[in-house]
Amino acid sequence: MKAMYKCRDGGYSEDPSKCPGGVEASLPGELRVKLSKLVSGILRHFPESYGVKVDRKGWASIDELVSALRRLSGYKWVERWHIEALAALDPKGRFEVSGGKIRARYGHTINVEVEPLPGEPPGLLYHGTVSSNLPSIRAKGILPMKRLKVHLSPTPEIAAEVGRRHGSDVVVLEVDVKCLKEKGLKPVMASKVVYVVDWVPPECIRRVIRPEAAGFYNHTLSFSTSEGS
Ligand code: HQG
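This one's a predicted model, so the numbers in the text were calculated from it and none came from an experiment. (Residues numbered from 1 in each chain as written. Predicted model: local features only at pLDDT ≥ 70, side-chain atom pairs only at ≥ 80, totals over all residues. Heavy atoms only, no water.)

## A word on the overall build of the chain
1) Next: Looking only at helices and strands, the chain has seven helices and twelve strands in total.
2) Next: In terms of overall size, the chain behaves like a compact globule, its C-alpha atoms giving a radius of gyration of 19 Å where 229 residues would be expected to give roughly 17 Å.
3) Next: Each of the three principal axes of the chain carries a C-alpha extent, and together these read 55 × 40 × 35 Å.
4) Next: Every one of the 229 residues in the chain was classed for burial, and the buried ones make up 45%.
5) Next: Partitioning the intrachain contacts of the chain with sequence separation of at least 6 by distance along the chain shows that 69% fall at a separation of at least 24.
6) Next: Element-wise, carbon and sulfur atoms account for 51% of the exposed surface of the chain, whose accessible area totals about 11300 Å².
7) Next: Measuring between centres, the 35 positive side-chain charges of the chain sit 3 Å from its 26 negative side-chain charges. (Helix = DSSP H or I, 4+ residues; strand = E, 2+ residues; numbered from the N terminus. Rg over C-alpha atoms; globule rule 2.2 N^0.38 Å. Buried < 20%, exposed > 50% of the residue type's maximum accessible area, 1.4 Å probe, protein only. Contact = heavy atoms within 4.5 Å. Areas by Shrake-Rupley, 256 points an atom, 1.4 Å probe, with all protein chains shown as cover. Lys, Arg positive; Asp, Glu negative; His and termini not counted. Charge placed at Lys NZ, Arg CZ, Asp CG, Glu CD.)

## Some remarks on the site of the ligand
1) Next: Looking at the ligand, there are 22 residues lining it, with K92, H127, S136, R147 and H166 nearest.
2) Next: K92 is positioned such that a nitrogen or oxygen atom in its side chain is 2.5 Å from an oxygen atom of the ligand.
3) Next: One of the side-chain nitrogen or oxygen atoms of H127 is found 2.6 Å away from an oxygen atom of the ligand.
4) Next: Residue assignment for the shell around the ligand shows that the elements contributing at least two residues are β7 (124-130) and α4 (134-140).
5) Next: Residues of the shell around the ligand, tallied by class, amount to seven nonpolar, ten polar and five charged. (Near = heavy atom within 4 Å. Polar contact = N/O pair within 3.5 Å; in protein donor to acceptor, adjacent residues only side chain to side chain. Nonpolar A, V, L, I, M, F, W, Y, C, P; charged D, E, K, R; others polar.)

## So, the sheet that holds strand β5 (residues 95-98)
1) Next: Strand order in the open sheet made by the three strands is β4-β6-β5, with antiparallel pairing throughout. On the outer flanks of this sheet lie β4 (60-61) and β5, each paired with one strand and no other.
2) Next: For β4 and strand β6 (residues 101-104), the ladder comprises two bridges, and the chain directions are antiparallel. The residue bridging A60 from the neighbouring strand is I102, located in β6. (Pairing = 2+ DSSP bridges.)

## Points about the side chain of S131
1) Next: Tracing the backbone shows S131 in the loop between β7 and α4.
2) Next: Residue S131 is classed as buried on the basis of its relative accessible area, which comes to 18%.
3) Next: Apart from the residues within four sequence positions on either side, S131 is in contact with D169, V171 and R210.

## Focus on the pairing of β5
1) Next: Of the pairings in the sheet, the one linking β5 to β6 comprises four bridges and is antiparallel in character. Paired with S98 across the bridge in β6 is K101.
2) Next: Hairpin connection from β5 to β6: two residues lie between these consecutive antiparallel strands, with G99 at a positive phi of about 50 degrees.

## Examining the state of the cysteines
1) Next: Tallying each qualifying case throughout the model produces two disulfides.
2) Next: Each sulfur of the disulfide joining C7 and C19 lies 2.1 Å from the other. Where C7 bonds to C19 through sulfur, the torsion about that S-S bond is close to -60 degrees, and the disulfide is left-handed. Residue C7 is located in strand β1 (residues 4-7), and its partner C19 is located in the loop between β2 (12-13) and β3 (23-27); the two are separated by twelve residues in the primary sequence. No difference in accessibility class separates C7 from C19, as the two residues are buried.
3) Next: What pairs with C179 in a disulfide is C204, and their sulfur atoms sit 2.0 Å apart. Between C179 and C204, the disulfide has an S-S torsion of -75 degrees and is therefore left-handed. Of this pair, C179 sits in helix α6 (residues 177-182) while C204 sits in the loop between β11 (194-197) and β12 (205-209), and the two are 25 residues apart along the sequence.
4) Next: Owing to a relative accessible area of 8%, C179 belongs among the buried residues under this scheme.
5) Next: Classification of C204 by relative accessible area gives buried; the value is 0%. (Disulfide = S-S within 2.5 Å.)

The structure is reproduced here in structure tokens:
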């Protein structure tokens, strides 16, 4: 992941040359990934363990989050701008910031209700997984497992990247959105690259794509799928 820069004139960038008035502060890529993973974990899974309050819509105070992080060894350097920049520059739209608060847009295991982004889903969505999960998915459908929702991708290439987090034998499942809707299941947009739905019945899975056969890995995606949790 690229470094983040705080511009002297305001705003954040991954490219210091995009700060016309110069750079005021920066965070190297490795620390950005480390912070992104921990903030994702706190907001999605374990706010209480870090003494952070999350309301029923998933919002936490940025000041409270910064104080919680600064109590940890290895995170005493964290400032408010790091959190704001993390959200503003996240390539997957993992975070939303509003009125001094931050929330994760998706991925929760804690029980929160995050309003979807506006817009209808496309006719086909994709879920990346590994082939060892296929027998169970064929029998029971795609289940949220530990999370609140099943996560789907707008393209098979993005889904393949998601699947790669689980192992090398990646398969991509093509999901028929009309079939979901006929069953009263409505996928909604959680971020620019993530749709969520309660579950996917096996009969709404149209086909299984083997990304290597489809040549997906020749594409370079503009984001990494590994800074969440
Ligand atoms: C599998 C990341 C057996 C499912 C990603 C997946 C995503 C089943 C695993 C977001 C099953 C759950 C979520 C069944 C589902 N039998 N296995 N019936 N139903 N599974 O991590 O979708 O980078 O909870 O196929 O990009 O991989 O963190 O879900 O392999 O958007 O921001 O159970 O997390 O975003 O794994 O990933 P996960 P996911 P971030």
